[in-house]
Amino acid sequence: MAASSSIDRRTVLDRDAILGHLTCQDPSGLFAAADRVRTQEHGDGVMIRGLLEISNHCNEQCLYCGLRAGNTSLQRFRMTREQIVTEAIAAARSGLETIILQAGEDWRFGPEVVAGIVAEIRKACDATITLSLGEFHRGAYALWRAAGADRYLLKFETSNQTLYSRLRPGRELRDRIACLATLKDLGYQVGSGNMVGLPGQTLGDLADDLLLMARLELDMAGIGPFIPHPRTPLADTMSPALIERNDRTAARACDLEDLTLRSVAIARLIMPGAHLPATTALGSLTSGAREKALKTGANVLMQDITPVALKSLYDIYPDRICRTESAAHCGSCMKNKIESVGRYVQSGHGDVRA
Ligand code: SAH
Ligand code: SF4
């Protein structure tokens, strides 16, 4: 968890101050402050995490996501255990020191199967293993931790419980938060986060999201824009947070970029020691947005290491970047991006500093 020394150093912002930062005319002061804190806390190194998308099967019906069970037009895939282990080890040998295994909530990846995969990767290399497989019971999380998983990524998506249950039918925010507490208790480094621009989400909700991230003392917070998927019930929607700021639909992408960057910058001020990725969703929204995020508090990039033939089937949101490029191409592209903003690729596992 975020170290207590970081908590002591964090800027305390109340809800009104956060709302002020989300709505002020000129965010340049906020961005500069976030960049300063990022430099002090993390230096100029940027960590690259390898993201392996192991299955696009999902039992859930999240209204925002293209992998939802109700999207019957999606061709589904599930990597084999051998494929997963081989790809993860290859990525680790290519220099990626953290490998994230992510999937929809796929009942075929039950506790024992995942534990076997984690143990096999752990035996073959010393990469840090992050899992992002959704909500499970304590026994499963404990088994995976014992098998060698170090971190878990489970975004709470929105801190507004009513909105949460509307967007995730049959699910409750408190259960998600309970999972995060369980993971923390089991000794995982825990990542969570939100989506910015969800239909039904207000600026007040966004402020509450940031406050919740700080309260949860996250090791990592993923803050990404919501990008409507045409094969979901939210295909043609727009959030009140964006309407409050700007009611011209054509301005949605740049306004959403701005709102996401401000959220990242505020997160950096209130969680100085946390890892904050410049998310792939942000880079998919507008080109160059990830580089901007690296200058407004972010210190991590995600590299999609899923085999090229499968990448485009992991269709969470449309027009995701880097879907057709090989891992080798993505690796050098990431390095160029990082160097283009005067930073360097940071080696090491990137545990949150004590
Ligand atoms: N099934 C797991 C992990 C896969 S989903 C889970 O739900 O936790 C990974 C992330 O994709 C989600 O946490 C959500 O924040 C993001 N996501 C889903 N649909 C999205 C969309 N339309 N736009 C942007 N991000 C989306
Ligand atoms: Fe499934 Fe996760 Fe998408 Fe929800 S967000 S539909 S749980 S993959």
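Here goes a summary of the coordinates provided. Computed from a prediction, not measured in an experiment: that's the story for all the values here.

## Observations regarding the site of ligand 1
Neighbouring ligand 1 are 16 residues; Tyr64, Ala103, Glu157, Ile227 and Ile316 lie closest to it. Between a nitrogen atom of ligand 1 and a main-chain N or O atom of Tyr64, the distance comes to 2.8 Å. At a separation of 2.8 Å, a nitrogen atom of ligand 1 approaches a polar backbone atom of Ile227. By residue class, the composition of the shell around ligand 1 is 10 nonpolar, 3 polar and 3 charged.

## Concerning the layout of surface pockets
The calculated volume of the largest pocket comes to roughly 340 Å³. What lines the largest pocket is a set of 21 residues, and nearest its centre among them are Ile48, Ser94, Gly95, Leu96 and Gln303. Of all the elements in the fold, those that place two or more residues in the lining of the largest pocket are strand E1 (45–55), helix H4 (81–93) and helix H15 (327–340). Counting residues per element, the lining of the largest pocket draws most heavily on H15, which supplies 4 residues. Residues that form the lining of the largest pocket fall into these classes: 9 nonpolar, 8 polar and 4 charged.

## Re the site of ligand 2
Taken together, Cys58, Glu60, Cys62, Tyr64, Cys65, Leu67, Arg68, Gly104, Glu105 and Arg168 make up the full set of residues adjacent to ligand 2. Because more than half of its atoms lie within 2 Å of the grid, ligand 2 is assigned to the largest cavity. Tallied by class, residues from the shell around ligand 2 come to 5 nonpolar, 1 polar and 4 charged.

## Overview of the pattern of salt bridges
Enumeration over the complete set of coordinates arrives at 21 salt bridges. Ionic pairing is found between Glu53 and Arg320, a salt bridge with its closest N-O pair at 3.0 Å. Taken together, the positions of Glu53 in strand E1 and Arg320 in the loop between helix H14 (308–311) and H15 put the pair 267 residues apart, joining distant regions of the chain. For the pair Glu53 and Arg320, one class covers both residues: buried. With its nearest N and O atoms 3.2 Å apart, the salt bridge here joins Lys335 to Glu339. Highlighted residues: Lys335 and Glu339, both in helix H15, separated by 4 residues, approximately one helical turn. Overall, Glu339 belongs to the partly exposed group, its relative accessible area being 39%.

## Some remarks on the side chain of His229
Among the structural elements, His229 can be located in the loop between strand E6 (220–225) and helix H10 (240–245). Judged by its relative accessible area of 2%, His229 is buried. Contact partners of His229, with chain neighbours within four places excluded, come to Tyr64, Gly66, Asn71, Ala235, Asp315, Ile316, Tyr317 and Pro318.

## Some thoughts on unusual backbone geometry
Glycine aside, negative phi is the norm for most residues, and most peptide bonds take the trans geometry. A positive phi angle, near 50°, is found at Glu217, a position not held by glycine. Of note, Glu217 is situated in the loop between helix H9 (203–215) and E6. Residue Asp319 is not a glycine yet carries a positive backbone phi of 55°. Positionally, Asp319 belongs in the loop between H14 and H15.

## A few points about the pairing of strand E5 (residues 189–196)
Summarising burial for E5: 8 of the 8 residues are buried, a large majority. Side chains Gln189, Gly191, Gly193 and Met195 of E5 all project onto a buried face; the interleaved residues Val190, Ser192, Asn194 and Val196 project onto the opposite face, where all are buried too. In this structure, strand E4 (residues 151–153) lies alongside E5, joined through 3 bridges in parallel fashion. Opposite Arg151, over in E5, you have Gln189 as the bridge partner. Summarising the sheet, E5 and E6 pair through 6 bridges and their orientation is parallel. Across the sheet, residue Gly191 finds its bridge partner in E6, namely Met220. This β-α-β element, E5 to H9 to E6, shows right-handed connectivity.

## Focus on the packing of aromatic side chains
The full count for this structure, using the stated rule, is 5 aromatic pairs. For the ring pair Phe136 and Trp144, a centre distance of 4.9 Å and an interplane angle of 70° mean the geometry is edge-to-face. What makes Phe136 partly exposed here is its relative accessible area of 21%. Classification of Trp144 by relative accessible area gives buried; the value is 0%. Measuring from ring centre to ring centre gives 6.0 Å for Tyr141 and Trp144, while their planes differ by 70°; the resulting arrangement is edge-to-face. Of this pair, Tyr141 and Trp144 both sit in helix H6 (residues 138–147), 3 residues apart, roughly one helical turn. Counting every residue linked through ring pairs, the aromatic cluster contains Phe136, Tyr141, Trp144, Tyr152 and Tyr188.

## Overview of empty space enclosed by the protein
Scanning the model with the defined rule gives 4 cavities of 30 Å³ or more in all. Here the largest cavity is characterised by a volume of approximately 900 Å³. If you go around the largest cavity, you meet 39 residues; those closest to its centre are Gln102, Lys155, Glu157, Tyr314 and Ile316. When residues of the lining of the largest cavity are traced back to their parent elements, those giving at least two are E1, strand E2 (98–103), E6 and helix H12 (280–285). At 4 residues, the largest contribution of residues to the lining of the largest cavity is made by E6. Here the residues of the lining of the largest cavity are counted per class, giving 21 nonpolar, 9 polar and 9 charged. Reported here for the second largest cavity is a volume of approximately 140 Å³. Mapped by element, the contributors of at least two residues to the lining of the second largest cavity are E2, E4 and E5. In the lining of the second largest cavity, the residues fall into 6 nonpolar, 6 polar and 3 charged.

Cut-offs applied
Residues numbered from 1 in each chain as written. Chains lettered and ligands numbered in written order. Predicted model: local features only at pLDDT ≥ 70, side-chain atom pairs only at ≥ 80, totals over all residues. Heavy atoms only, no water. Near = heavy atom within 4 Å. Polar contact = N/O pair within 3.5 Å; in protein donor to acceptor, adjacent residues only side chain to side chain. Nonpolar A, V, L, I, M, F, W, Y, C, P; charged D, E, K, R; others polar. 1 Å grid on protein atoms, 1.4 Å probe; cavity = no way out; pocket = protein on both sides within 12 Å on 5 of 7 lines; lining within 4 Å. Points joined across faces, edges and corners; volume = space filled by probe spheres on them. Helix = DSSP H or I, 4+ residues; strand = E, 2+ residues; numbered from the N terminus. Sits in = over half its atoms within 2 Å of the grid points. Salt bridge = Lys/Arg side-chain N within 4 Å of Asp/Glu carboxyl O. Buried < 20%, exposed > 50% of the residue type's maximum accessible area, 1.4 Å probe, protein only. Contact = heavy atoms within 4.5 Å. Pairing = 2+ DSSP bridges. Right-handed = clockwise from strand over helix to strand, strands pointing away. Phe/Tyr/Trp six-rings, centres within 6.5 Å; stacked < 30°, edge-to-face > 60°.

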